[in-house]
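Observations on the three-dimensional arrangement
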Amino acid sequence: GTLVFPKDTYAAAADTNEDYPGSCGRCYQIRCTTGQPLNNGRPLQISDLPYYKAWVGLTDDFGRVWPGNPFINQDKFYVKCWDDAATITVRISDSCPCKYNIKATVNSPSEVRPQPWCCGGNNHFDLSFWAFQRLAHPAYGVMPLEYRPVDCETGAPLKSIPGYVSEVIYSHTIKAGWTFQPYSTKDTRLLVPGQGVGGATALCSTISQGGALAFICRECSRPGYQPFAKAQRLQMTIRSNTKSLDPFASSTPPGQLPLLKIFMMNDEQKLYCGAEVVLAPTYATKQPGGDWYNVTIPLSAWRCNAGSVGSLAAVDRLDVQNTNI
């Protein structure tokens, strides 16, 4: 499919990183440091990498030749960066699990396989091929780096531990700490220029029967994160995106408040708040001269204390679902 952001800005964070909770959607400024990478706390050796060889004369996408390894005869893995002072900004869009499950097939049983790079000892990022080659030749495959979390839009430094999670889930783009997962939808687009309030960028989706948009702050029920713990209300601006009055084309005619249900939960343990909330005129005010509705719902409406999730502090996911189920 089409990438939402430039391909040289994508990265994944190891699920053992200190600031892994809420890492999805977070941006990091990184730079390569010439030298020997660490492998779970010890210097990386060439013999650790069976695929390694001298890539003499190999060029990257920009025609730059592999800089070589002056310690190749000493079994020492060594990386020469293009420029130790150069920095790039990457956005976390995936995770690198220490252990991942391989599903069973007709010919093999299920298996839990470790990924040592992502199992601690050092914080670890998987960079996209294109992000990697901006800092070093991709033939190295591994590089030592320095990093810091930054604001995706301004580049301003953010706190490191615990990692930064935005109180805003979406405004012109998905915000730091959040990811979204559409299910049973079509034509879901994260960044649609000109379709938001006042011509701003918007998230647009056609949600099918029983479908939803899920917004998740990964493992954010941990102490120091908990984005809903001190919040008082959920606010959004929403409108129907249909142009047709045909009820078979859309369950929400133009100008009407979309019939959506919102539920809140803990994503990891699949625990739920005690109530679901349906968008209703009680919570919505229509903006003058347009189709937009300002929606404000007190978080007490979900009665999380009465549900299996136990409290708002444990909530790290909300789903906006089509009520036509």
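First things first, this report covers the structure right here in the doc. If you're wondering where the values come from, they're calculated on a predicted model, not measured in any experiment.

Time to look at the packing of aromatic side chains. What the rule picks out here adds up to 10 aromatic pairs. Relative to Tyr147, the ring of Phe125 lies with its centre 5.0 Å away and its plane at 75°, an arrangement referred to as edge-to-face. Note that Phe125 is positioned in strand β8 (residues 125-127) and Tyr147 in strand β9 (residues 145-150), a separation of 22 residues in sequence. Among the residues examined, Phe125 registers a relative accessible area of 9% and is labelled buried. Classification of Tyr147 by relative accessible area gives partly exposed; the value is 31%. On the basis of an interplanar angle of 80° and a centroid distance of 5.7 Å, the ring pair of Phe129 and Trp130 is categorised as edge-to-face. Owing to a relative accessible area of 40%, Phe129 belongs among the partly exposed residues under this scheme. On the basis of relative accessible area, Trp130 is assigned to the partly exposed category, the value being 34%. Every member of this aromatic cluster is reached through a ring pair, and the members are Tyr28, Phe125 and Tyr147. The positively charged end of Lys76 is found above the aromatic ring belonging to Phe71, 4.1 Å away from the centroid. The aromatic ring of Phe5 is capped on one face by Arg91, whose charged end is 3.9 Å from the ring centroid.

Here we come to the pattern of salt bridges. Inspection of the entire model under this criterion finds 13 salt bridges. For the salt bridge of Arg113 with Glu111, the shortest nitrogen-to-oxygen distance reads 3.2 Å. Residue classification places Glu111 among the partly exposed positions, given a relative accessible area of 35%. Look at the salt bridges and you will find they share partners, linking Asp267, Lys270, Arg317 and Asp319 into a network.

Using the criterion set out here, one finds 6 disulfides in the structure. Across the disulfide, Cys98 is cross-linked to Cys119 (sulfur-sulfur distance 2.0 Å). The disulfide joining Cys98 to Cys119 has a torsion of about 100° about its S-S bond and is therefore right-handed. With a gap of 21 residues between them, Cys98 in the loop between β5 (88-96) and β6 (99-102) and Cys119 in the loop between β7 (111-114) and β8 connect regions that are remote in the sequence. Assessed through its relative accessible area of 16%, Cys98 is described here as buried. Disulfide pairing places Cys273 opposite Cys304 at an S-S distance of 2.0 Å. One quick way to see it: the torsion about the S-S bond of Cys273 and Cys304 is about 80°, and its sign makes the bridge right-handed. Here the residue Cys273 occupies a position in the loop between β14 (271-272) and β15 (277-278), and Cys304 occupies one in the loop between β17 (293-298) and β18 (317-322), the gap between them amounting to 31 residues. Residue classification places Cys304 among the buried positions, given a relative accessible area of 4%.

Reading the values: the criteria
Residues numbered from 1 in each chain as written. Predicted model: local features only at pLDDT ≥ 70, side-chain atom pairs only at ≥ 80, totals over all residues. Heavy atoms only, no water. Phe/Tyr/Trp six-rings, centres within 6.5 Å; stacked < 30°, edge-to-face > 60°. Helix = DSSP H or I, 4+ residues; strand = E, 2+ residues; numbered from the N terminus. Buried < 20%, exposed > 50% of the residue type's maximum accessible area, 1.4 Å probe, protein only. Lys NZ or Arg CZ within 6 Å of the ring centre and 35° of its normal. Salt bridge = Lys/Arg side-chain N within 4 Å of Asp/Glu carboxyl O. Disulfide = S-S within 2.5 Å.

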